[in-house]
Amino acid sequence: MSTENDPGFDPATGDGPAPVADGRRAASVRTALEGMLQIRRLTNVGHDAPESVPAPWEANRPVRAVALALEAAGLPVSATDAVGLRTATGYRLRPGEAADGVRVEWLGPPGSGAARTEEDGLERCATALRELGWTVLVYRGARRRRFLEVEPPGGARGPDGRRLVV
């Protein structure tokens, strides 16, 4: 629960300042991940392994869910300063092509070598996301830069069988 003095936990997406890497942040990430897994256990009724499949909550908030998964895996996140210049190399998330999808890019400051480390960085992101049941596809975009498109497997569906979207 958040208050006026404590805005609550927001997982890092790679836009904005880098999160403060301290014990409080690590505890918030662990608590949020356990909450997400508990939501999976409670809502993925009928699955043999309910924790292995994204819940409808995640399909309706895919950027937030993917950000939590990547931060919980300990992967580096990109960051920007007050004027939008990159200050750190790591993943950056934004909405994907599909309504319930997320685009994962590997970005860094100019001259940081992010392009040389993107294959390894994105592979680590893909591994972490696949372990949590997400479908991950690798693409090449402009200037042959790789990126991931991440979606719930087969598109998450609500109790009425309809595909959930944001």
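All of these numbers come straight from a predicted model, not from anything done at the bench.

Caption draft 1: Structural detail: the overall build of the chain. A tally of helices and strands in the chain yields 4 helices and 6 strands. For the chain, the residues scored as buried account for 39% of the 166 residues in total. Long-range pairs, those at least 24 residues apart, make up 49% of the contacts in the chain between residues at least 6 apart in sequence. Approximately 9,300 Å² of the chain is accessible, and the part contributed by carbon and sulfur atoms is 53%.

Caption draft 2: Here's a closer look at the environment of Trp134. Relative to the elements of secondary structure, Trp134 occurs in the loop between α4 (114-131) and β5 (135-140). Looking at Trp134, the relative accessible area reads 4%, which means it is buried. Through-space distance from the C-alpha of Trp134 to that of Val66 is 8.8 Å; in sequence the pair is 68 residues apart. If sequence neighbours within four positions are ignored, Trp134 has contacts with Arg40, Pro54, Glu58, Ala65, Val66, Leu129, Val150, Glu151 and Pro152.

Caption draft 3: Inspection of α4 at higher detail. Look at α4: 24 Å from first C-alpha to last across 18 residues, which is about the 26 Å you get at 1.5 Å a residue. Where α4 bends most, the angle comes to about 30 degrees, and this point is Asp120. Those residues of α4 that sit buried are Ala114, Glu118, Gly121, Leu122, Cys125, Ala126, Ala128 and Leu129. Those residues of α4 that are buried lie in contact with α3 (62-72), β3 (90-95), β4 (102-107), β5 and β6 (146-151). After α4 finishes, the residue Gly133 shows a positive phi value of roughly 90 degrees.

Caption draft 4: Region of the structure containing the sheet that holds β4. The 4 strands lie next to each other as β3-β4-β6-β5, forming an open sheet whose pairing is antiparallel. Every other strand in the sheet has two partners, leaving β3 and β5 as the edge strands with one partner each. Averaged over neighbouring strand pairs, the angle between their axes works out to 30 degrees when direction is ignored. Across the sheet, α3 touches β3, β4 and β6, and the angle it forms with β3 is around 165 degrees.

Caption draft 5: Representation of the pattern of salt bridges within the structure. Summed over all chains, the structure comprises 14 salt bridges. For Asp10, the salt bridge goes to Arg64, with nearest N and O atoms at 2.8 Å. Residue Asp10 is located in the segment before α1 (23-43), and its partner Arg64 is located in helix α3; the two are separated by 54 residues in the primary sequence. A network of salt bridges, in which partner residues are shared, links Asp15, Arg86, Arg92, Arg94, Arg103 and Glu105.

Caption draft 6: Structural detail: the side chain of Arg103. Tracing the backbone through its elements, the reader meets Arg103 in strand β4. Looking at Arg103, its side chain comes within polar contact range of the side chain of Glu105, at 3.3 Å. When residues no more than four places from it in sequence are discounted, the contact partners of Arg103 are Arg92, Leu93, Arg94, Pro95, Gly96, Phe147, Leu148 and Glu149.

Caption draft 7: Highlighting the packing of aromatic side chains. Applying the stated criterion across every chain, the model contains 1 aromatic pair. Measuring from ring centre to ring centre gives 5.6 Å for Tyr139 and Phe147, while their planes differ by 25 degrees; the resulting arrangement is stacked. What makes Tyr139 partly exposed here is its relative accessible area of 37%. Its end group placed over the ring of Phe147, Arg103 keeps NZ or CZ at 3.6 Å from the ring centre.

Caption draft 8: Region of the structure containing the packing of α1 against α3. Packing of α1 against α3 leaves a shortest axis separation of 10 Å and a crossing angle of 125 degrees. Considering the angle they form, α1 stands oblique to α3. α1 and α3 meet at a crossing whose hand is left-handed. Contact residues: Arg25, Val29, Ala32, Leu33 and Met36 in α1; Ala65, Leu68, Glu71 and Ala72 in α3. Looking at the contact of α1 with α3 residue by residue, the classes come out as 7 nonpolar, no polar and 2 charged.

Conventions adopted
Residues numbered from 1 in each chain as written. Predicted model: local features only at pLDDT ≥ 70, side-chain atom pairs only at ≥ 80, totals over all residues. Heavy atoms only, no water. Helix = DSSP H or I, 4+ residues; strand = E, 2+ residues; numbered from the N terminus. Buried < 20%, exposed > 50% of the residue type's maximum accessible area, 1.4 Å probe, protein only. Contact = heavy atoms within 4.5 Å. Areas by Shrake-Rupley, 256 points an atom, 1.4 Å probe, with all protein chains shown as cover. Expected span 1.5 Å × (residues − 1). Bend = angle between axes of the 7 residues up to and from the residue. Pairing = 2+ DSSP bridges. Axes fitted to C-alpha atoms, helices over the stretch in contact; angles between N-to-C directions. Salt bridge = Lys/Arg side-chain N within 4 Å of Asp/Glu carboxyl O. Polar contact = N/O pair within 3.5 Å; in protein donor to acceptor, adjacent residues only side chain to side chain. Phe/Tyr/Trp six-rings, centres within 6.5 Å; stacked < 30°, edge-to-face > 60°. Lys NZ or Arg CZ within 6 Å of the ring centre and 35° of its normal. Parallel < 35°, antiparallel > 145°, perpendicular 65-115°, else oblique. Left-handed = near helix turned anticlockwise from the far one by under 90°. Nonpolar A, V, L, I, M, F, W, Y, C, P; charged D, E, K, R; others polar.

Limitation: the analysis is restricted to geometry and does not speak to function.
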